Amino acid sequence: AGPTPQPLQPLRARRWWRRLEKGRGGDVGLCNVAAVVGSSSAVLRRLLLGAALVLVALQLEGSAGQRAWQLPGHAPNALGGSSARGRSARCLDRAAAAVVGCRAVDMDIAAAVDEDVDEVAPAADEQPSERSSSFSIFAPERTKEVWNDAVEAALKSVVDDRAIATTILLPSGVGDVVVGLRVVLGAFEAAASELARAVAAAPNSKDRQRAGWKQDELRFRALVVLPRPLLELAERMYEEQVGDKMRVVVCNMNRRKELVDAFRRDSEPVVILAKYEDMTMLSLAQIQASPDEERKNPDPIELLVMESAQIVRAGGYRADGVADLSFGASRRLYISSRRLSGKAPGALLGPGQDPLYPVEERENKFGQEVFRLTHEKANAEGLKVPLQMVSMQSANATTVALELAALHRETGLRSIQVVPVSKLARKVAEALDLLLRKLTNGACTVTTGGGSEAADLDAILIVSQNPDYAKVAEEFPRLSRIKPGKKYGYILAIAQARKQIVSAWRALAIEDGAVEEAIQTGALGWGKKDHRLKLEEIPKTMRQLVWEGSQCDKVELAVARGIEDLGDPWDVWFGRLEEWIENNHRESIRIITKQPQKQDRYCGHAIGEWIIIQRRAWTTGQLSPEKVQRLLALGIVADKNAEDFARGLVELRRFVREKQTNEVPFTYYNPDNGYQLGSFVVAQKKKQLRGKLSKEHYKALQEAFLSFRQTVSAVFFKHPEDPEAAELTRSIEALLRSTRYALQAERRRQFRKLVLTHHPDVSKDPNADATMRFLGSVKAWYLDGD
């Protein structure tokens, strides 16, 4: 393979770089690039690697007569060969691994980066083309029916009912941009019709003013806020659909004056398109457009539409969009993939929550949900494609391209977008696109989304070391949108980059509440099993979100990372508590559960100490009501003394019921579980003598028939002389004796049933009067215990 080049000296490197820029590479190849990279600092290595990739792309676009870039002595063999690899080549591997988003690791890759890449011809769709005059989105008839139903419900609420806030629940990919556009157009036409009716009823301007109509010209200002990936698509659709009726303004820092003019009260009908990142700019523009005396309370616009509102509720600066004081609007329409009121999306996820995580919102904050389409129904009816996560095993551009090519052959994906958009993402996209076009003959491409007008995507590739989950979730509308031949939308993440997997899971949890609940269920299962969940133990919702072609260990690893980083540790401990109780609980379900003591452990975990911590948080009000209810459902109580008394009371009731006596020996203990019932009875008697027994505890002990209850002899019961009546009353006596030690409420219910059965007004039995006299004689004994 030839001698390994020596690292270039700084002066020599600068001369070599100038020759490279002028196109006179001579005998300079990528091996020399590797030498420069290997002898430079970390920052310079990344800069040189990016520049080398750009120069390689420029070389490919040049004439065929220019010299190919290839390693000296390295024979081209369709990206599958091997070559002698020295220190310089390993430096390229480490730099490439850093670009993809993982740590710089010394990995052996399958092929060299620069093999025969000069023979790749640019694909036809790479050439710039003019925008088409018309634009349409593929949609089956059923999808159009859903659009019409959602728009009709929204207009009825916004226009007819004049609701301040309205919510539409649509999964991402079903009606993004389209539904909001039709609602804006319908609201505009309703305002125009209202003005036309006012003019027809009162042709004179002064008459209209006296009638309450404050203007002679139509005033309609609508603001549509969308995720960044949908902005360009929305601009084209709004220009074509409503451009002849209203002015379309796109929020831009360079067009600030035009934005302020759009908010003015006397402006022409206008619709403003903006990203969630522009909410602060929009608020300032609205204030500047108002007169000086009204700037504290700016004039509200007529309609505000918020697309993908579930991301807004997930926290961060995007939450400004739902704040009442951040932006003035008379009517608000929220289009979300999940419920917005109550708990915010992500509330069940424990660690890693946004520092600006929103609080729980009241029920009427987002208005009435006038239309709802669940994710399950949308997938079943083919209104969107399900999302699946794919773990990429490679860590550098070359082997990632090989994996993508294999995935293209298996799934047929054709368009891949790198997220989030950044300078790093553009470099990665250029390198991957170059190699992937070679491997797939131009059938599969990689882009960064900049300047792309595609309404749908086949897959997204996460490349950042610490990606923002919201940036990933913003791509779901295009990723979930259906098109012919598309079966799934794929989320590609590097398996070695843990934060990429976690970011993908959190984006899915924000999109669909069922995923969030599945992560919580997985955390409970993890606590019960005390190990990573096996494939058959993984919740079905999470298992369906991992690529069906993945190996079992890859599925288990991806799910484990999501649960480890997003699952609430409290749920893991609660799962351990449930398993501990199940293993140690031998009583019937009606008896209070045995509770762990401080020294108790489960699989080496101090479950008793965890319970003490939960009681402390419970009594100080630091434990959420939901968690309190879950502990109560297991029989856990906050007060330890109350817990001990409740346990003793349960044992006492069981003793009286089984032994048919109220005399408890002070040395008695339960042979099944070892509980010292005699000691408990003695302790309660001591408290009673010292006046320390509360009225509630005294009443509970009295109901349990403690020592002051005496057994009633058979002489007490006086039966009728008539044999038939006596036989009936003796059967009633047996029933009363068998249930006399039950709870007072149960005894009252049983006695009332007997009275209603044998009362002369109801029963036709000739012995009804005798039976009622018998029940009257035993009522005090049975109900009051006298």
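Calculation rules
Residues numbered from 1 in each chain as written. Predicted model: local features only at pLDDT ≥ 70, side-chain atom pairs only at ≥ 80, totals over all residues. Heavy atoms only, no water. Pairing = 2+ DSSP bridges. Helix = DSSP H or I, 4+ residues; strand = E, 2+ residues; numbered from the N terminus. Axes fitted to C-alpha atoms, helices over the stretch in contact; angles between N-to-C directions. Contact = heavy atoms within 4.5 Å. Parallel < 35°, antiparallel > 145°, perpendicular 65-115°, else oblique. Left-handed = near helix turned anticlockwise from the far one by under 90°. Nonpolar A, V, L, I, M, F, W, Y, C, P; charged D, E, K, R; others polar. Core = buried A, V, L, I, M, F, W, Y, C linked by side-chain atoms within 4.5 Å. Buried < 20%, exposed > 50% of the residue type's maximum accessible area, 1.4 Å probe, protein only. Salt bridge = Lys/Arg side-chain N within 4 Å of Asp/Glu carboxyl O. Phe/Tyr/Trp six-rings, centres within 6.5 Å; stacked < 30°, edge-to-face > 60°. Lys NZ or Arg CZ within 6 Å of the ring centre and 35° of its normal. pLDDT = per-residue confidence, 0-100. Expected span 1.5 Å × (residues − 1). Polar contact = N/O pair within 3.5 Å; in protein donor to acceptor, adjacent residues only side chain to side chain. Patch = residues over 30% accessible without salt bridge, like charges linked within 9 Å, V, L, I, M, F, W, Y side chains within 5 Å. Areas by Shrake-Rupley, 256 points an atom, 1.4 Å probe, with all protein chains shown as cover. Lys, Arg positive; Asp, Glu negative; His and termini not counted. Charge placed at Lys NZ, Arg CZ, Asp CG, Glu CD.

On to the sheet that holds strand 1 (residues 165-169), then. With parallel pairing, the 7 strands of this open sheet are ordered in space as 3-4-2-5-6-1-7. Each of the sheet's edge strands pairs with one partner strand only, and the pair in question is strand 3 (247-250) and strand 7 (368-372). The mean angle between the axes of side-by-side strands here comes to 20°, regardless of whether they run parallel or antiparallel. Relative to strand 6 (residues 332-336), strand 5 (residues 303-306) runs parallel, the two being bridged by 3 bridges. Bridge pairing in strand 6 links Met306 to Tyr334. Most of the contacts of helix 6 (residues 178-201) go to strand 5, to which it runs at about 170°, and overall it touches strand 1, strand 2 (221-226), strand 4 (270-275), strand 5 and strand 6. Strands in contact with helix 8 (residues 231-242) are strand 2, strand 3 and strand 4; relative to strand 4, the strand with the most contacts, it is inclined by about 170°.

Let us look at the packing of helix 24 (residues 640-659) against helix 25 (residues 677-689). For the pair helix 24 and helix 25, interaxial distance at closest approach is 10 Å and the crossing angle is 115°. As summarised for this structure, helix 24 and helix 25 are arranged roughly perpendicular, according to the angle between their axes. Like other packed secondary-structure pairs, helix 24 and helix 25 cross with a definite hand, here left-handed. Along its contact with helix 24, which presents Asp644, Phe645, Gly648, Leu649, Glu651, Leu652 and Phe655, the element helix 25 presents Leu677, Phe680, Val681 and Gln684. For the contact of helix 24 with helix 25, the class distribution of residues is 7 nonpolar, 2 polar and 2 charged.

Glancing now at the nonpolar core. In terms of nonpolar packing, the biggest core is built from 48 residues, with Leu170, Val179, Val184, Phe220, Tyr238 and Val271 touching the most fellow members. Listing elements by their share of this core, those giving two or more residues are helix 5 (141-160), helix 6, strand 2, helix 8, strand 3, strand 4, strand 5 and strand 6. Of the residues forming this core, the biggest block, 10 residues, is contributed by helix 6. When neighbours within four sequence positions are excluded, Tyr238 is seen to be in contact with Val177, Gly180, Leu181, Val184, Val224, Gly243, Val248, Val271 and Leu273.

With that settled, the discussion passes to the side chain of Ser391. Within the element layout of this structure, Ser391 appears in strand 8 (residues 387-392). Taking relative accessible area as the criterion, Ser391 reaches 18% and is therefore assigned buried. Leave out the neighbours within four places in its chain, and Ser391 touches Glu403, Ala493, Ala495, Ile501 and Ala558.

Oppositely charged side chains can form a pair if their charged atoms are brought close together. Under the defined criterion, the tally for this structure stands at 35 salt bridges. Across the salt bridge formed by Asp568 and Lys627, the nearest N and O atoms sit 3.5 Å from each other. Of this pair, Asp568 sits in the loop between helix 20 (552-566) and helix 21 (569-584) while Lys627 sits in helix 23 (residues 625-633), and the two are 59 residues apart along the sequence. Residue class for Asp568 comes out buried when judged on its relative accessible area of 17%. Each of Arg219, Arg221, Asp299 and Glu302 takes part in a single network of salt bridges with overlapping partners.

Ordered in space as 8-12-11-9-10, the 5 strands form an open sheet in which the pairing is parallel. This sheet does not close on itself; its edge strands, each paired only once, are strand 8 and strand 10 (445-447). Each neighbouring strand pair of the sheet contributes to a mean axis angle of 25°, computed without reference to strand direction. Bridge analysis of strand 9 (residues 415-419) against strand 11 (residues 459-462) gives 4 bridges, and the strand direction is parallel. Each bridged residue has a counterpart across the sheet, and for Val418 the counterpart in strand 11 is Leu461.

In this section: unusual backbone geometry. Of the consecutive residues Val419 and Pro420, the connecting peptide bond is found in the cis state with omega at -10°. Among the secondary structure elements, Pro420 is positioned in the loop between strand 9 and helix 14 (423-440). Notably, Arg162 is not glycine yet its phi reads approximately 55°, a positive angle. Note that Arg162 resides in the loop between helix 5 and strand 1. A positive phi angle is found at Val177, which is not glycine, with a value near 70°. Here Val177 shows up in the loop between strand 1 and helix 6.

Looking now at the packing of aromatic side chains. Under the criterion given, the structure shown has 9 aromatic pairs. Residues Trp570 and Phe574 carry aromatic rings whose centres are separated by 5.2 Å and whose planes lie at 15° to one another, so their mutual orientation is stacked. Linking Trp570 with Phe574, this pair stays in helix 21, spanning 4 residues, or about one helical turn. A single burial state applies to Trp570 and to Phe574, both of which are buried. Site record: aromatic cluster; members linked through ring pairs are Trp570, Trp573, Phe574 and Trp610. Between the NZ or CZ atom of Arg506 and the centre of the ring of Tyr469, over which it lies, the distance is 4.1 Å. Sitting above the plane of the Trp573 ring, Arg576 keeps its charged end 4.6 Å from the centroid.

Looking now at the confidence of the model for the protein. Scored by pLDDT, the protein has a mean of 76; 73% of the residues are at 70 or more. This stretch, residues 1-14, has a pLDDT under 50; its non-local contacts, to residues over four places away or in other chains, come to 13 contacts. For the stretch residues 707-715, pLDDT sits under 50, and the model shows 17 contacts to residues farther than four places along the chain or on other chains.

On to helix 18 (residues 513-529). Each turn of an α-helix holds 3.6 residues, which means side chains three or four residues apart point in the same direction. Taking 1.5 Å per residue, 17 residues should reach 24 Å; helix 18 reaches 24 Å between its end C-alpha atoms and fits that length. With 12 of 17 residues buried, helix 18 lies mostly within the body of the structure. Among the residues of helix 18, those classed as buried are Gly513, Val515, Glu516, Ala518, Ile519, Gln520, Gly522, Ala523, Leu524, Gly525, Trp526 and Gly527. Here the buried face of helix 18 lies against helix 17 (498-511), helix 19 (540-544), helix 20, helix 21 and helix 23. Between the side-chain oxygen of the N-cap and the backbone nitrogen of Ala514 there are 3.1 Å, and the N-cap of helix 18 in question is Asp512. Positive backbone phi, approximately 60°, marks Asp530, located one or two places after helix 18.

A few words on a negative patch on the surface. On the surface, a cluster of negative charge is made up of Asp722, Glu724, Glu727 and Asp765. Structurally, Glu727 can be placed in helix 27 (residues 723-739).

In this section: the packing of helix 27 against helix 28 (residues 744-758). In a packed pair of helices, the relevant descriptors are the angle between the two axes and the axis-to-axis distance. Between helix 27 and helix 28, whose axes approach to 11 Å, the crossing angle comes to 165°. On the basis of their axis angle, the class for helix 27 and helix 28 is roughly antiparallel. Relative to helix 28, helix 27 is oriented so that their crossing is right-handed. Within the contact between the two elements, helix 27 uses Leu728, Ile732, Leu735, Leu736 and Thr739 and helix 28 uses Arg747, Gln750, Leu754 and His758. Looking at the contact of helix 27 with helix 28, its residues break down into 5 nonpolar, 3 polar and 1 charged.

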